[in-house]
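Close look at the chain arrangement
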Amino acid sequence: MLIRSTCIGVPWRVLSCIALVVFFCSTEITKAQDYDSPDTPAAPPPEQGKCDGIFVTYNFMGREKIYPLVKNTSAQAWSFKAMATVLNAGAYELKSWKIFIGFQHEELLVSVDGAVVVNGDGDGFPIKVGKNGTLFAGFPQSDLETAIDTAGDYTQMMVQVNIKGTLFGVKPSATPMPKTIKLVNDGYKCPGAMRRGSYMHVCCKRDPKFKAKKIKTKFMPRQYGDLSFTYDILQANENKYMAQVTIDNNHPLGRLDQWNLTWEWMRNEFINSMKGAYTHRKDPSDCIYGAQGQYYQDFDFSTVMNCQKKPIISDLPPERENDDKVGKLPYCCKNGTLLPNTMNETKARAIFQLEVFKLPPDMNRTALYPPQNWKIEGVLNPTYKCGPPFRVDPTGFPDPSGLDATTSAVASWQVSCNITHPKPKQAKCCVSFSAYYADSVVPCNTCACGCDDDTWCNQNAAPLPLPPDALLVPFANRTKKAVAWAHLKHHKLPVKLPCPDNCGVSINWHLDTDYKTGWTARITLFNWDKIPFVDWFTAFQFKKAFPGYEKVYSFNGTKLTRPNNTIFVEGLPGLNYLVGEVNGTHPERDPRVPGKQQSVISFLKKNTPHIKVAQGDGFPSKVFFNGEECALPNKLPVRSGATRSPNGVLPAIFLSAATFLLLSGRLN
């Protein structure tokens, strides 16, 4: 008889304190085999044998107190190890598996083997996951075969994810387990996870009500994302391959300016050359002194494009478009500008190519792995969250010979990214509200676009109401105006004045008129940054006013059905350039002047008969600039004591100030 002991939850350095630890152990007795089998696995837990779906487990393997050693239990750090497994115990292949682990003890992951962290910050380890948990996606083994198709080969049916990290705030006697674990692939339902000591498991089964689109594909069907990448292998050799990256902007409000793309090589690959893009760093030392140099000992690394594990890639400028060496690719060389299809279809896509060298054990032409942890950013653009690459059917291309034929890529992967809603105080643009019936302007929120650790101002105080002309000057020059206005209007001033909004772009929405058959508003864009915006656009979403939209007078306005109830506004030829902030006429005494654009938007009431314009329906519920959702004020303008004409002070100030603006694009 062969006796095997399997212990779950055993710390890895507890020899000196074994009496203090409680173990959950199971003893397994199996019959001896006729052949030597030292690697025969232990019997599975009984719950696994009852699962006819995807069996997910989490096993906490132990922890150890680490420096700094403190008396406060909640502040004490512990290193820990854990292991998660995903087993396909069902009758259907599982493609591109993803699991969620609900960490809850301020965990900080420092290494993961057998998977990649999907929703990390994109900057690599360590990754904070202890507040909302995190997703893991399979890499390098992303698909799990069935026992039927593999004759019970566990190496194809199951993956093991080894996790190492740091946690906080758990008493030595407690076992820091996650809230839950579950499979998050579409078409599966998971009950609540079951816990037993330091072991947790769940059996997720196919949802009989889920109706997947019947698309005959060998791999995963292509998915829709606000932004998508396609990683196509065009040529494959034993030690290298040629890849093409295609970026598609699919969202009607999505946009990128001067994009920077980064990813992470997981298998010591390096970029030998590129067309249609370039890397920010060209330093061969990472290759020469790394695994690449040890293997390719006679290779000249001085001409290599990039050896970084996480390269930063950017688009080429337009003047390199016809360069024989780095250009001459369709959709390349636009200086990193990706516009929505609603503006320009040819600028909604970007393409570049790269030659990638591989290292052992991947020295055959079928060992192909895409980079992981994709992340893309722009200057003032939406924040995109990207999922892991998943294998799709090879992309088809028109035959280069001109014949009516299609050439397929060797292999293809897709990365799908979606726009995220900005968190409080992390926006990149903001909105102020004003109205004909109010003397004061409701300015942008305090720290709308973030604040440093400033002590001279109050980051939590509400912004001070402003006189209309204060919108025309930088925040540094508004303080005296705001204080004087508060004294004039008998507003209470806080002991410590609120901090600025710190936004590079702000938009004022001024409710201009409200009459029997319609109403109007005035839109003013302010660019407080030095960087100008070419082909800018803004968009306004309404809860009730959308059906009444009539026109925008000096801009081009379009109704969008996606997102719903949205009016898309862009500059006409000659007014599509929003200049940056410049010095005043007399820099020694005049404040700096922002770049501005202004127009009037009109609405009719016949399609919205019950609209209450002044009570809030005349203000947008969401505002976007170049795809980024802007922070809105927390309140609406308050009606002043005296009755005023709908054509009040603010329009007069803006009209007189903007006359020169509409001619030159800025105020002087």
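Reference entry: report on the structure contained in this document. Small disclaimer: the values here were computed from a predicted structure and weren't measured.

Let us look at the overall build of the chain. In terms of helices and strands, the chain carries eight helices and 39 strands. Counting over 668 residues, the chain shows a buried share of 49%. A fraction of 70% describes how many contacts in the chain between residues 6 or more apart in sequence connect residues 24 or more apart. Accessible surface for the chain amounts to roughly 33600 Å². Of this, 52% is attributable to carbon and sulfur atoms.

Between two cysteines, a covalent bond joining their sulfur atoms is known as a disulfide. Across all of its chains, the model carries ten disulfides by this definition. Between Cys 190 and Cys 204 runs a disulfide, and the two sulfur atoms are separated by 2.0 Å. Classification of the bridge connecting Cys 190 and Cys 204 rests on its S-S torsion, roughly 110 degrees, and on that basis the disulfide is right-handed. Within this pair, whereas Cys 190 is found in the loop between β12 (188–189) and β13 (194–196), its partner Cys 204 is found in strand β14 (residues 199–206), the two being separated by 14 residues in sequence. Across the disulfide from Cys 287 sits Cys 307; the S-S distance is 2.0 Å. The sign of the S-S torsion, about -105 degrees, decides the handedness of the disulfide formed by Cys 287 and Cys 307: left-handed. Pair noted here: Cys 287 is in helix α4 (residues 285–288) and Cys 307 is in the loop between α5 (291–295) and β20 (312–315), with a separation of 20 residues, a long-range link.

This part takes up the pattern of salt bridges. Scanning the entire structure with this criterion turns up 18 salt bridges. Where Lys 240 meets Glu 355, a salt bridge forms, and the shortest distance between an N and an O atom there is 3.3 Å. Within this pair, whereas Lys 240 is found in strand β16 (residues 240–249), its partner Glu 355 is found in strand β21 (residues 349–357), the two being separated by 115 residues in sequence. Close ionic contact of Arg 349 with Asp 248 constitutes a salt bridge, the shortest N to O distance being 2.6 Å. Within this pair, whereas Arg 349 is found in strand β21, its partner Asp 248 is found in strand β16, the two being separated by 101 residues in sequence. Relative accessible area serves as the criterion here: at 30%, Arg 349 is assigned to the partly exposed category. Take Asp 248: its relative accessible area is 14%, and that puts it in the buried class.

Bridge analysis of strand β32 (residues 537–541) against strand β38 (residues 622–625) gives four bridges, and the strand direction is antiparallel. Of the residues in β38, the one forming a bridge with Phe 540 is Val 623. Across two bridges, the pairing between β38 and strand β39 (residues 628–629) is antiparallel. Looking at β39, one finds that Phe 624 is bridged to Glu 629. Between β38 and β39, which pair antiparallel one after the other, the connecting turn spans two residues, and Asn 626 there sits at a positive phi close to 50 degrees.

In space, the four strands of this open sheet follow the order β7-β9-β5-β11, with antiparallel pairing throughout. The strands lining the two open edges of the sheet, one partner per strand, are β7 (115–117) and β11 (181–183). Strand-to-strand, the axes of this sheet are offset by a mean angle of 25 degrees, without reference to chain direction. Bridging between β7 and strand β9 (residues 134–138) involves three bridges; their strand directions are antiparallel. Paired with Val 117 across the bridge in β9 is Phe 136.

What follows is about the nonpolar core. In this structure, Trp 509, Trp 519, Ile 601, Phe 603 and Phe 625 are the most contacted members of the largest nonpolar core, which totals 38 residues. Of all elements in the fold, only β28 (429–435), β29 (505–514), β30 (518–527), β33 (549–552), β35 (566–571), β37 (595–604), α7 (613–617) and β38 reach the threshold of two or more residues within this core. Listed in part, the 34 residues of the second largest apolar core include Ala 82, Val 86, Leu 94 and Leu 144.

Another point: the sheet that holds β28. A sheet is described by the order of its strands in space; here five strands give the open sequence β28-β29-β30-β37-β33, paired in mixed fashion. If you trace the sheet from one side to the other, it starts and ends with β28 and β33, each paired once. Put simply, the sheet's adjacent strands are angled 20 degrees from each other on average, direction ignored. Bridge analysis of β29 against β30 gives nine bridges, and the strand direction is antiparallel. Across the sheet, the residue bridging to Asp 514 is Trp 519, located in β30.

Calculation notes
- Residues numbered from 1 in each chain as written.
- Predicted model: local features only at pLDDT ≥ 70, side-chain atom pairs only at ≥ 80, totals over all residues.
- Heavy atoms only, no water.
- Helix = DSSP H or I, 4+ residues; strand = E, 2+ residues; numbered from the N terminus.
- Buried < 20%, exposed > 50% of the residue type's maximum accessible area, 1.4 Å probe, protein only.
- Contact = heavy atoms within 4.5 Å.
- Areas by Shrake-Rupley, 256 points an atom, 1.4 Å probe, with all protein chains shown as cover.
- Disulfide = S-S within 2.5 Å.
- Salt bridge = Lys/Arg side-chain N within 4 Å of Asp/Glu carboxyl O.
- Pairing = 2+ DSSP bridges.
- Axes fitted to C-alpha atoms, helices over the stretch in contact; angles between N-to-C directions.
- Core = buried A, V, L, I, M, F, W, Y, C linked by side-chain atoms within 4.5 Å.

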